[in-house]
Every structure is written in C-alpha cells, then in structure tokens.
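# Tertiary structure, described
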Amino acid sequence: MDLDEREEHIRVWKMKRLIRTLDSARGEGTSMISLVIPAKGNLVRATKMLSEEFGTATQIKSHSNSVSVQQAIKSAQHQLKLFSRLPPNGVVVYCGTCVTEEGGERRVNVSFEPYRPIHKSLYWCDSKFHTDILSELLVPADKFGFIVLDGGGACFAFVRGSEKTVLHRMSVSLPKKQGRGGQSADRFERIRREKRQKYIQRVAEKATQLFISDNIPNVKGLIIAGLGHTKDALVASNAFDPRLRPAVLRMLDVSYGMECGLNQAVEAAAPVLGSMQLLREQKLLSRFFDHIARDTGLYCYGLDECRYALEAGAVDTLIVAELLTCRRVMLRSLTGEEREEWILSDDAATMHELLKDNETGEPLEVVSSDLLSEWLAENYLQFGCSLELVGGGSPQSVQFCKGMTGIAGILRYRTHFEEYEVEEEDDE
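Residues numbered from 1 in each chain as written. Predicted model: local features only at pLDDT ≥ 70, side-chain atom pairs only at ≥ 80, totals over all residues. Heavy atoms only, no water.

## Some thoughts on the sheet that holds strand E17 (residues 386-390)
Across the sheet, four strands lie side by side as E12-E18-E13-E17; this open sheet has mixed pairing. Two strands in the sheet have a free side with no partner beyond their single neighbour: strand E12 (299-301) and E17. In this sheet, adjacent strand axes meet at a mean angle of 20 degrees when their direction is disregarded. Strand direction decides the pairing type here: E12 and strand E18 (residues 407-411), joined by three bridges, are antiparallel. Bridging from a neighbouring strand, Cys300 pairs with Gly409 of E18. Against the sheet, helix H10 (residues 303-311) engages E12, strand E13 (315-321) and E18, with an angle of about 130 degrees to E12. Each of E13, E17 and E18 touches helix H12 (residues 372-379); the most contacted strand, E13, lies at about 145 degrees to it. (Pairing = 2+ DSSP bridges. Helix = DSSP H or I, 4+ residues; strand = E, 2+ residues; numbered from the N terminus. Axes fitted to C-alpha atoms, helices over the stretch in contact; angles between N-to-C directions. Contact = heavy atoms within 4.5 Å.)

Structural data, given as structure tokens:
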C-alpha cells in the first residue's frame, strides 16, 4: 500500500470514529444542528440562512427548546466564521447540546472540511445529528476500470463504489460468421478476421489512452467483460498494453453489451471490488506472522514492546487494530512533572495505581486521556514509521486483535527488549 492509500485509509478510519461519536449523541427537542455546505455552495448564503433561522427559533413555544436552538445556531455561526472562504471540499458543521449518560449536558461544536468533496447540502434541527452524507464519504475511494465489449462495440468506464462514469463508447459493425454469397468462403473469412483484429486493436489503444497515466495504470484494477471469446482475444492481443496486464483482476461473461453489460459486470465483480482492502490487510498480517514464524526478531507486539520500539525509532510499519481500546494517559504530579502511560481501557486496577505516585503516594492529576489509536493516527509520523489500520474481517485480523492486543510492529532492525525490561526494573 503506497503513502496515498495509507493516508486515505487513515482518513476513512477517522471519519468512521467521528460518525460513531455523532450518531451516539442525543439531545432534547430540536437543539442539535446538522449543517452541510457542498463543495460548490455559498458560504455567505449559508450564514444568512442561519440568521433567518435564528429569528424563526425565537417563535418556538417551548422556552427551553427555543433557547437551546438559538444557542446551537449561534455556535454554528461562530464555526462558519472560522472559514474566510468556502474550502474546496465544502464544510460540515455539527453543533448542539447533548445529554450525557449521567443526565448532564455536554456541548458539541464540530466543523471541518471533509477529505473528499461533498455534493449535497443539508440543514436540520433535530434531537440527533444527521450523518448520512458523511457516511457516503466512506464509499471506497479505489477506482476500477471496466471494459465491456462484444460484436457490436465496446464501453469503457470508471467505477468507484456505487458511482459509475462511462468514459467512452465505441460502435462497430463486424461481419457475421456467414456471408450472403458473391465471394469465396476463404476471402470472406479473411475480411472478417481482419476487421475483428482492427476492432480489437482499437479497443486496446483506447484502453491505454483511458487507463494509463504517467506511464502507470490510473486504476486499482481492471475488469474485462464481454460475450464469447472477444474479451479473451483482447487480453491475448499484442496490441493490449503490457502495463495493463497485471491490473486485470477478473474476466467476466455477460449477456449484454454497452451500459447494460456494464451494469451486469459491476454486479458480478462486486465480491472482487469489495475485497481489495481485505486482501491488503491479509497480505500485511501474513507478512507480520511470517516474521514470527521464522523468528527473525524484526517484530514487536503489545503495548510495552511497541512503545519501546517506537521511541527507539526501530518501527518501520506500525499495525493497529481499528477497534483498539487502549488509551494514552498523560499524568502530572504536584511538582508539575509529567509522564506518559499506555494502558488497556478496561484495566481499572492499573488506572487506579497510576493515579498516585509510587514513591510519595501523592495523587496525580490526569492531564489528558486519549484513545491510543486516535493519538497514533495523528502522531505516527514523528516516530518515522508508516501506520496500517486493520479491521476484523479476516481470520488473520481476528488472531491479531486477540493474540497481539491489537497493536504490533514490523521493525527495521533487531531490538533487544530485554534491555527495556531491565530499565523498568531499575526504575522500580
């Protein structure tokens, strides 16, 4: 996985976490505002609309609900003022007062530019936040190329998630296998074969033109679909670009050509398109487990080993489970000295021990407590490593999450963790 793909995966993971947090929030009345300004929207118009909505909110019969809505609108207006102009991808704003599990209230003010352009607008006052538009951003960003060809022509398209874009249509009129007479069978077959070869060559040249950019394929994979042996003839042809051959993921039989055949091919290729991320995860984890099986010493797992290896700059690839529950806690003593701890979220005993100084017994102040996965997603570059997030959709990932505490690393060089254990004993 290259750098752009890793960054995209991390952005998607962050968006999933944000959506889960927003979906779990609940308020009273209609005091929770969801505002989405699309990429080609108007920031001034949205600000004016909020001013009009503020006036309308004063007419709400319930005084408490009216005040809550007005406060949320003021917060949304303040969030929009943070943008001097509309960002290229649009703006998303969530503001409101949420009810906590303890029965208290918590203010939520979130505004950001999404990592991909948004093409829909939204304004909604409700007792919950509306995240459907954000969920649409989670559609896989991988782009796949499709070529559908038969005896009547060819269709070229990009497919990304549920979005299909037809790039080019090519019509052709090939002679049928049988002529009407007036010429010898050999001559008729030669003409038919020549026209078919020219058609295959035109399709191959167009495929190169559409699916090759900067001397490499511009798609994650290529699906070739068609009737009979036409698709096989395309791939076997010398005119088919050799740079595209490794990108061919599947060759499919379809009953139609053009757009109807494209729709059928997309449906038939769904398992292939949906499994690309899963295959990448399996390949990564297989590489990690192979290091363990061969005892290369180029691996680490668990909180303590990974933290030590990261601080030593030895980690080349850091692997973290998407649902990792560990936390990074910053503690401060009465003298102002701070220290960092990585703990399991459900380890209440360890947390209780951390809240007091082992030497003096004095209480320690919790400066911050963040999910370790979120902190690593923001700070992994300072350790000079790459970050890979894995889900739980394969046997390897399930084994990784359960057996490795959901965090591990592939190292650049051997690291002696015995020294780390001795240092810990000396500190004690």
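## Some remarks on the pairing of strand E3 (residues 105-112)
The sheet contact formed by strand E2 (residues 91-99) and E3 spans eight bridges and is antiparallel. When the sheet's bridge partners are listed, Cys98 is paired in E3 with Arg106.

## A word on the sheet that holds E2
Read from one edge to the other, the open sheet built from four strands follows the order E3-E2-E1-E4, with strand pairing classed as antiparallel. Each edge of the open sheet is held by one strand with a lone partner, namely E3 and strand E4 (122-126). Along the sheet, successive strands turn relative to each other by an average axial angle of 5 degrees, direction set aside. Inspection of the sheet shows strand E1 (residues 32-37) paired to E2 by six bridges, in the antiparallel sense.

## Digging into the packing of helix H2 (residues 43-57) against helix H3 (residues 63-81)
Two elements in contact, H2 and H3, have axes separated by 9 Å at closest approach and are oriented at 165 degrees. By the angle class used here, H2 and H3 are roughly antiparallel. Both H2 and H3 take part in a crossing whose hand is left-handed. Residues Leu43, Ala46, Thr47, Leu50, Ser51, Glu53, Phe54 and Ala57 of H2 form the contact with H3, whose own contacting residues are Ser66, Val69, Gln70, Ile73, Lys74, Ala76, Gln77 and Leu80. Along the lines of polarity and charge, the residues of the contact of H2 with H3 split into nine nonpolar, five polar and two charged. (Parallel < 35°, antiparallel > 145°, perpendicular 65-115°, else oblique. Left-handed = near helix turned anticlockwise from the far one by under 90°. Nonpolar A, V, L, I, M, F, W, Y, C, P; charged D, E, K, R; others polar.)

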